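Descriptive structure summary
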Amino acid sequence: MKLNVLTRRAALILAGSALSLMSLGHAAMAQTFPDQTITLVVPFSAGGSTDVVGRVVAQKMGEILGQQIVVENVAGAGGNLGADRVARAEPDGYTILMGTVATHALNPLILKTTPYDAEKDFSPISLLVVVPNVLVVNPELPVNTVAELIDLLKKEPDKYSYASSGNGTPLHLSGELFNSMAGVTMLHVPYKGAGPALNDVIGNQIPIMFDNLPSSSGHIKAGTLRALAVTTAKRAPSFPDVPTVAETVPGYETYTWNALFAPAGTPPEVVAKLNEAANTALKDPAVIARMDEFSATIVGSTPEDLGKHVTAEIAKWAPIVKSANIQMD
């Protein structure tokens, strides 16, 4: 009996020593971090909204941290390839991810299998910005408001279609949420990217579309598209006269968001340094001005709040994905 007690005590002492050494190791790492280049993986092609936000924030964060942050575009599988690359990276803070609603909410719900767990395989750093979506129509469609669109869709059910940048994208889900909350039916027509979809809406092959506000803004200003509403809870500062969908359909809200994640197991002290640098970068006047140009609303957050945000987004979209029977291989 005494031997067993002594053995257990020895095991506890060894475990405590290991934890102490690990804590000291984390503290030492945090003191020297970063002492080499950091890679920010953007899981989409160059030139898109996620890429632009990533590059603007990365440049300023690099100046704050005193080390260059290199952006690496790892596109494919709706963002899964890039996200998985970071999930499998060494958890030392030198490989981080520009995550989105697609990588951390929609893909896990829509795809039959994903190579990572959106909640367990990452250490949240900070929610950076939200980018509004916008409900646009061809100017020949005889509606000027969301209420008029709903009336038209109810009078002629199953007649009208809406375009999106692809199956399972945030823009597709924006339309499905509108169908559900407004009590209407629009047929979804997926395209391979927002560009071809916009061309067909402008050409009146498809009358309605949900799009990212930045990509539609030029067409709205030119009059080739009519903006009925933005999809965020508040009006977009760049288009203050365009109402929100929620002003007609209470509770409706969708948007694209960008956030920073590190691999799970990254020392909290390192995450804290990255979080501080990100939130400081978001306060820089040049960054604010660039985000304003891009119609992006700066947020900033704690790691804990970003983790809660991801959980809430998955809970929000799960019933919509299920009711619309959206499933992809």
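Keep in mind the model is a prediction, meaning the values are calculated, not measured. (Residues numbered from 1 in each chain as written. Predicted model: local features only at pLDDT ≥ 70, side-chain atom pairs only at ≥ 80, totals over all residues. Heavy atoms only, no water.)

Each pocket or cavity is described by its volume, and for the largest pocket that value is around 800 Å³. Taken together, 32 residues make up the lining of the largest pocket; nearest its centre are Phe44, Ala102, Ser165, Thr169 and Pro170. Secondary structure elements with two or more residues in the lining of the largest pocket: α2 (49-65), α4 (101-110), α6 (170-182) and α8 (213-222). Broken down by class, the residue content of the lining of the largest pocket amounts to 13 nonpolar, 18 polar and 1 charged. There is about 190 Å³ of room inside the second largest pocket. Lining the second largest pocket are 13 residues, and of these Val130, Thr232, Lys234, Arg235 and Thr297 lie nearest its centre. Residue composition of the lining of the second largest pocket, grouped by class: 7 nonpolar, 3 polar and 3 charged. (1 Å grid on protein atoms, 1.4 Å probe; cavity = no way out; pocket = protein on both sides within 12 Å on 5 of 7 lines; lining within 4 Å. Points joined across faces, edges and corners; volume = space filled by probe spheres on them. Helix = DSSP H or I, 4+ residues; strand = E, 2+ residues; numbered from the N terminus. Nonpolar A, V, L, I, M, F, W, Y, C, P; charged D, E, K, R; others polar.)

Bringing helix α11 (residues 303-323) into the picture now. With 21 residues, α11 extends 31 Å between its outermost C-alpha atoms, agreeing within 8% with the 30 Å of an ideal straight helix rising 1.5 Å per residue. For α11, the elements touching its buried residues are α4, β4 (122-137), α6, β9 (255-263) and α9 (268-281). At the exit of α11 stands Asn325, carrying a positive phi of roughly 55 degrees. (Expected span 1.5 Å × (residues − 1). Contact = heavy atoms within 4.5 Å.)

The subject of this paragraph is unusual backbone geometry. Of note, the bond from Phe33 into Pro34 is cis; its omega dihedral lies within 30 degrees of zero at -5 degrees. For Asn204, which is not glycine, the phi dihedral falls at a positive 70 degrees. Positionally, Asn204 belongs in the loop between α7 (194-202) and β7 (208-212). Here Ser295, not a glycine, exhibits a phi torsion of approximately 60 degrees, which is positive.

Now for the packing of aromatic side chains. Throughout the structure, instances matching the rule amount to 6 aromatic pairs. An angle of 70 degrees between the planes, with centres 6.0 Å apart, marks the rings of Phe122 and Phe261 as edge-to-face. Highlighted residues: Phe122 in strand β4 and Phe261 in strand β9, separated in sequence by 139 residues. By relative accessible area, Phe122 is classed as buried at 5%. When its relative accessible area of 1% is taken as the criterion, Phe261 is described as buried. (Phe/Tyr/Trp six-rings, centres within 6.5 Å; stacked < 30°, edge-to-face > 60°. Buried < 20%, exposed > 50% of the residue type's maximum accessible area, 1.4 Å probe, protein only.)

This brings us to the pairing of strand β8 (residues 226-230). Across the 5 residues of β8, 4 count as buried, placing the element largely inside the fold. As judged from the 4 bridges shared by β4 and β8, these two strands associate in the antiparallel manner. Bridge pairing in β8 links Leu135 to Ala229. (Pairing = 2+ DSSP bridges.)

Turning to the packing of α4 against α11, a few remarks are in order. Packed helices, taken two at a time, are described by their axes: the angle between them and the distance between them. Running from N to C, α4 and α11 cross one another at 40 degrees; their axes reach a closest spacing of 9 Å. Taken as axis vectors, α4 and α11 run oblique relative to one another. Relative to α11, α4 is oriented so that their crossing is right-handed. Residues Val101, His104, Ala105, Leu106, Leu109 and Ile110 of α4 pack against Val310, Glu313, Ile314, Trp317, Ala318 and Val321 of α11. Within the contact of α4 with α11, the residues separate by chemical class into 10 nonpolar, 1 polar and 1 charged. (Axes fitted to C-alpha atoms, helices over the stretch in contact; angles between N-to-C directions. Parallel < 35°, antiparallel > 145°, perpendicular 65-115°, else oblique. Left-handed = near helix turned anticlockwise from the far one by under 90°.)

Now for the pattern of salt bridges. Following the criterion strictly, the structure yields 8 salt bridges and no others. The residue Asp284 makes a salt bridge to Lys60 at a minimum N-O spacing of 3.4 Å. Here the residue Asp284 occupies a position in the loop between α9 and α10 (285-293), and Lys60 occupies one in helix α2, the gap between them amounting to 224 residues. With a relative accessible area of 17%, Lys60 lands in the buried category. Put simply, Arg290 and Glu293 hold a salt bridge, and the shortest N to O gap is 3.3 Å. One end of the pair, Arg290, and the other, Glu293, are both in helix α10, 3 residues apart, so they sit about a helical turn from each other. On the basis of relative accessible area, Arg290 is assigned to the partly exposed category, the value being 32%. (Salt bridge = Lys/Arg side-chain N within 4 Å of Asp/Glu carboxyl O.)

Every buried residue of helix α3 (residues 80-87) is accounted for by Asn80, Gly82, Ala83, Asp84 and Val86. Those residues of α3 hidden inside the fold are in contact with β1 (38-42), β3 (95-100), α4, β4 and β9.

For Gly93, the location among the structural elements is in the loop between α3 and β3. For Gly93, a relative accessible area of 0% corresponds to the buried category. Taking C-alpha positions, Gly93 is 9.0 Å from Thr39, a pair spaced 54 residues apart along the chain. Setting aside residues up to four positions removed in sequence, Gly93 forms contacts with Phe33, Ile38, Thr266, Val270 and Leu274.

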